[in-house]
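Reading the structure
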Amino acid sequence: HLNINVDTFAVIDDSVFERNEIKAALPQVRVYDVVEIPGILSLPEFDIPITEESRKRRESYQTEAKRTDIFASWSGDYDEFLRDCQIKMTVFKPVTEGDIKRCFELINRSNQYNVSGQKRDEEYLNRILNDENYVSYGYRVSDKYADYGIVGFASFMKSGDEYTLTDFVMSCRVAQKKVEKAFLNFFISTLIHSFLSSTKKE
């Protein structure tokens, strides 16, 4: 229901037996002894940026639970339900400090919906945002139930007329809402419009 992978969980337990049981059954889960608590936040796996938007995660989960309850009693199909939700996407180029920080957070927090499968550092993000050989976007999503805030980031590397998707991350908050398809359709439409405009000028 949360749309997050098992490898995003960490368990702290004072029982060696319990920790080993978890390791045996779910090796993707990180487990820690209670004696590790004082230094646990200094470990690299806990060195994740947290923005104001991510602090609202609990509120987002509560809204999603409400939305799920509504769909449970929905008589139409899923696409009709999504249309009824009135989902709106706003695509932008990250330029403000807050927007860039949120995109960096998404790159480092997203596991299940991270196309590259890699964690990127701030130097990498700042470089591609200022590199003319890359096109980068962030996007916000809202519907009639809630404003999800900035939930995605994507970058494409340009080589002549070709574009290669190098990064695509999306918050689990908008999973299964066909948001990724809408974004990619936007990007393709932008390229087609740009191509047609340049052809007319020629």
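An account of the accompanying structure is given in this report. Each chain carries its own residue numbering, running from 1 in the written order of its sequence. This being a predicted model, a pLDDT of at least 70 is required before a residue's local features are given, and a value of 80 or more before pairs of side-chain atoms are given or counted; all residues contribute to the totals for chains, interfaces and linings. In computing side-chain values, all of the structure's heavy atoms are included and hydrogens and water are not.

1. Remarks on a nonpolar patch on the surface
In plain terms, the rule: Grouping into patches uses exposed residues only, defined as over 30% relative accessible area, and leaves out salt-bridged ones; the cut-off is 9 Å for like charges and 5 Å for nonpolar side chains (Val, Leu, Ile, Met, Phe, Trp, Tyr). To measure how exposed things are, a 1.4 Å probe is used in the Shrake-Rupley method; for residues, cover is taken only from the protein chains shown. We define a salt bridge as a contact between a side-chain nitrogen of Lys or Arg and a carboxyl oxygen of Asp or Glu at a distance within 4 Å. Segments assigned H or I by DSSP are reported as helices when at least four residues long, segments assigned E as strands when at least two residues long, and all are numbered from the N terminus. Buried residues are those whose accessible area, probed at 1.4 Å on protein chains only, stays under 20% of the maximum for their type, while exposed residues exceed 50% and partly exposed ones sit between those limits.
On the surface, a nonpolar cluster with roughly 340 Å² of combined accessible area is contributed by I12, V34, V35 and I37. Locating I12 in the fold gives a position in strand 1 (residues 10-13). Take I12: its relative accessible area is 42%, and that puts it in the partly exposed class.

2. Concerning the pattern of salt bridges
As enumerated under the stated definition, the model contains six salt bridges in all. Of the charged contacts in the structure, one is a salt bridge between D99 and R140, with a shortest N-O distance of 3.1 Å. Within this pair, whereas D99 is found in helix 5 (residues 97-109), its partner R140 is found in strand 4 (residues 134-142), the two being separated by 41 residues in sequence. What makes D99 buried here is its relative accessible area of 13%.

3. Looking at the sheet that holds strand 5 (residues 147-159)
Where we set the bar: Each pair of strands is called paired provided DSSP finds at least two bridges between the two strands. Between the N-to-C directions of two axes lies an angle of 0 to 180 degrees, each axis being a line fitted to C-alpha atoms and, for a helix, fitted only over the stretch in contact. Throughout, a residue-residue contact means that at least one pair of heavy atoms, one from each residue, lies within 4.5 Å.
Ordered in space as 3-4-5-6, the four strands form an open sheet in which the pairing is antiparallel. A single partner strand is all that each edge strand has here, and the edge strands are strand 3 (88-92) and strand 6 (162-170). Taken over all neighbouring pairs, the strand axes of this sheet differ in orientation by 25° on average, direction set aside. Sitting on the sheet, helix 5 is in contact with strand 3, strand 4, strand 5 and strand 6, with an inclination near 80° to strand 5.

4. Side note on unusual backbone geometry
Even without a glycine there, the phi angle at Q86 is positive, about 60°. Assignment of secondary structure puts Q86 in the loop between helix 4 (78-85) and strand 3. Phi at Q176 is positive, roughly 65°, even though this residue is not glycine. For Q176, a relative accessible area of 53% corresponds to the exposed category.

5. Observations concerning the pairing of strand 6
Here strand 5 pairs with strand 6 via eight bridges, running antiparallel. Counted as the bridge partner of F153 is V169 from strand 6. Count of turn residues in the strand 5/strand 6 antiparallel hairpin: two residues, of which G160 carries a positive phi of about 65°.

6. Focus on the pairing of strand 4
For strand 4, a buried count of seven out of nine residues is recorded, marking the element as mostly surrounded by other parts of the structure. Relative to strand 4, strand 3 runs antiparallel, the two sharing five bridges. When the bridges of strand 4 are listed, V91 appears paired with Y139. Counting the residues between successive antiparallel strands, the hairpin from strand 4 to strand 5 contains four residues.

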